[in-house]
Structures are given as structure tokens and as C-alpha cells.
Amino acid sequence: MDTMKIAILAAALACLGAPLAAQSPKPVEPVTISDMRGMRFCEFLLIYEDHVDIYNTSASDGCPEDLWASMDTAAIAEAHGAKMAQLNGPHFWAMDGQTLGLGETADFGGMAARYAATLPLAALGSGKGADPYKPYVSAKLQTMVFESGKPVYQLVGPDGGVYILNAYGEEVQGGDPANLATQLSPAEGWSFRTETPAQDLTIEGTSETPVDMVGDDLHQYYTRMQGAQ
């Protein structure tokens, strides 16, 4: 199994842009989180014979650095009856608030995380959503709010479509996504910019109303503004 593909696709899920192949066989409920710009979060991947379960810390205990550094993936896999476990993160949210679908809370080496989605192994092998600057379709309960007067980080595509950064990783210099302007190497026709909206910006997506997403060359993920309010 190609664990790099798992890590890349998990990054998409970390930004709540689950590919269409993702499922939610476990019950989920809408969870609203506010005042989350810059919030640190992590994910746990439980890898089974035919699927991967994703758990996210955003609505639980967060992702304390010392505890995260001590995680034992073999012990986590054994505790959850999985073939193997993988860590994804930390990441930091770029929006101010969101509502997302989350399920049961589970313990991972002393850190709590909530069920977010299930990804079939077939989807992991496909690499969908992993190639930088190649848009793909995502379907997942998600409402993102970007407050007015605060920076919004965007990729602009060859067709003029604008994609807004969902979350960023530790690779971002100084923890400031504006620095991506010099860190990224966009594909031909793509560009990065920072804008400050005069009004709140809301982007909504559900399994019935999918959204377009794209990743950059640092494997951070952006949602297209189409349907923004």
C-alpha cells in the first residue's frame, strides 16, 4: 500500500474536502466551531482491509504538540483493531468558523478525536485529489465562514476560478499563509494572492451539492468560491 498517497488524500480530508468516494457509514451530526482561525488540529487514519476511517481533533481536545509527538501508531492500530494507523498533521484552520459533520469520539494514545469520514482503499489507490493544481469534486457536509476584514488566501485558476485556502501546514513560513506567495510554485495559469473581503464570506457544501477543490504543491487544499454568499 502506498502510504504517501494515503497521507496526501488525508490532507484533503483534513481540510474537510472528502473526495466523492468517501462515505459516512457511521452516524454523524452537524458540529459548529467558531473562533477557529489558526486553530491547530490533527487527524488519525485507521487503515483496515477495505477502508480507512478518519478521525479529527478539531471539536475535541485539539492537538497538543507534546502528546502528538509521543503517538505510537502501532499501539493505536492494535487498540482499534486496524491493520495500521497513520498520523496526519498538524494543520491550522484558515477560516473563522465552520459547521461540519462529525461522529463518535475515540481515544488515540490519550488524545480525543471525532469520526469524520470513511475512505475506501480503492479511492486511496486512485490518487484523486492528490495532484497539485488539478481540481477535483468533493462532497461533504461543510459550511465555512470567513469574516470580513480578515485575510483570505486564494488560488486563481486558468479559467479565473477562485479557490479559498481551508487549512495550512507547518511548512508555511512564520505560520502566515500570506508567505505562500513566495513558497508556492504554481502550475502554468495558476496564481496565489491574499484578499481582504469587505463582507463575511460563506461557502457551503453537502453530499447533494458538491464543491470543487484543488491542492497546491505543499498539499494544502482550497475550495472554489462558486456558490459563496
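Counting restarts for each chain: residues are numbered from 1 in the order of the written sequence. For this predicted model, a pLDDT threshold of at least 70 governs which residues receive local features, and a threshold of 80 or more governs which side-chain atom pairs are given and counted, while totals over whole chains, interfaces and linings are taken from all residues. The side-chain figures draw on all heavy atoms in the structure; neither hydrogens nor water molecules are used.

> Just checking my understanding: could you explain the sheet that holds strand β1 (residues 29–34) for this structure?
Pairing between the strands of a sheet is mediated by backbone hydrogen bonds and can be parallel or antiparallel. The criterion for strand pairing is that DSSP finds at least two bridges linking the strands in question. Helix numbering and strand numbering both begin at the N terminus, where a helix is a DSSP run of H or I of at least 4 residues and a strand a DSSP run of E of at least 2. On the basis of which strands lie adjacent, the open sheet formed by four strands has the order β1-β5-β9-β14 and antiparallel pairing. If you trace the sheet from one side to the other, it starts and ends with β1 and β14 (201–205), each paired once. Direction aside, neighbouring strands of the sheet carry axes that sit 15° apart on average. Examined bridge by bridge, strand β9 (residues 142–146) and β14 share five bridges and lie antiparallel to one another. When the sheet's bridge partners are listed, Met 144 is paired in β14 with Ile 203. Interaxial angle, 0 to 180 degrees, is taken between N-to-C directions of lines fitted to C-alpha atoms, where a helix line uses only the stretch in contact.

> I'm lost on the packing of aromatic side chains in this one. Help?
In this description, an aromatic ring pair is defined by two values, namely the gap between the centres and the angle between the planes. Pairing of aromatic rings covers Phe, Tyr and Trp, the last counted by its six-membered ring, and requires centre-to-centre distances within 6.5 Å; plane angles under 30 degrees mean stacked, over 60 mean edge-to-face, and any other angle means tilted. With the rule as written, the count across this model stands at nine aromatic pairs. Look at Phe 44 and Trp 68: their rings are 5.4 Å apart centre to centre, the planes differ by 65°, and that puts the pair in the edge-to-face class. Of this pair, Phe 44 sits in strand β2 (residues 40–47) while Trp 68 sits in helix α2 (residues 65–69), and the two are 24 residues apart along the sequence. Here's how the labels work: a residue is buried when its accessible area is under 20% of the maximum for its type, exposed when over 50%, partly exposed in between, all with a 1.4 Å probe on protein chains only. Using a relative accessible area of 10% as the deciding quantity, one classes Trp 68 as buried.

> When you look at the nonpolar core in this model, what are you seeing that I'm missing?
Nonpolar side chains in soluble globular proteins tend to end up buried together. Residues Phe 44, Leu 46, Tyr 55, Trp 68, Ile 76 and Phe 108 are the most contacted members of the largest nonpolar core, which totals 17 residues. Of all the elements in the fold, those that place two or more residues in this core are β2, α3 (73–79), β6 (105–108) and β7 (111–120). Contacts are assigned to residue pairs with any non-hydrogen atoms lying within 4.5 Å of each other. Apart from residues lying up to four places away in sequence, Trp 68 is in contact with Arg 40, Cys 42, Glu 43, Phe 44, Cys 63, Leu 87, Asn 88, Gly 89, Pro 90 and Met 111. Here, the term nonpolar core denotes a set of buried Ala, Val, Leu, Ile, Met, Phe, Trp, Tyr and Cys residues that are joined through side-chain atoms within 4.5 Å. Counting residues in each nonpolar core, the second largest holds 16 residues, with Trp 93, Met 144, Ile 164 and Ala 167 among its members.

In short, shape yes, function no, at least from these values alone.
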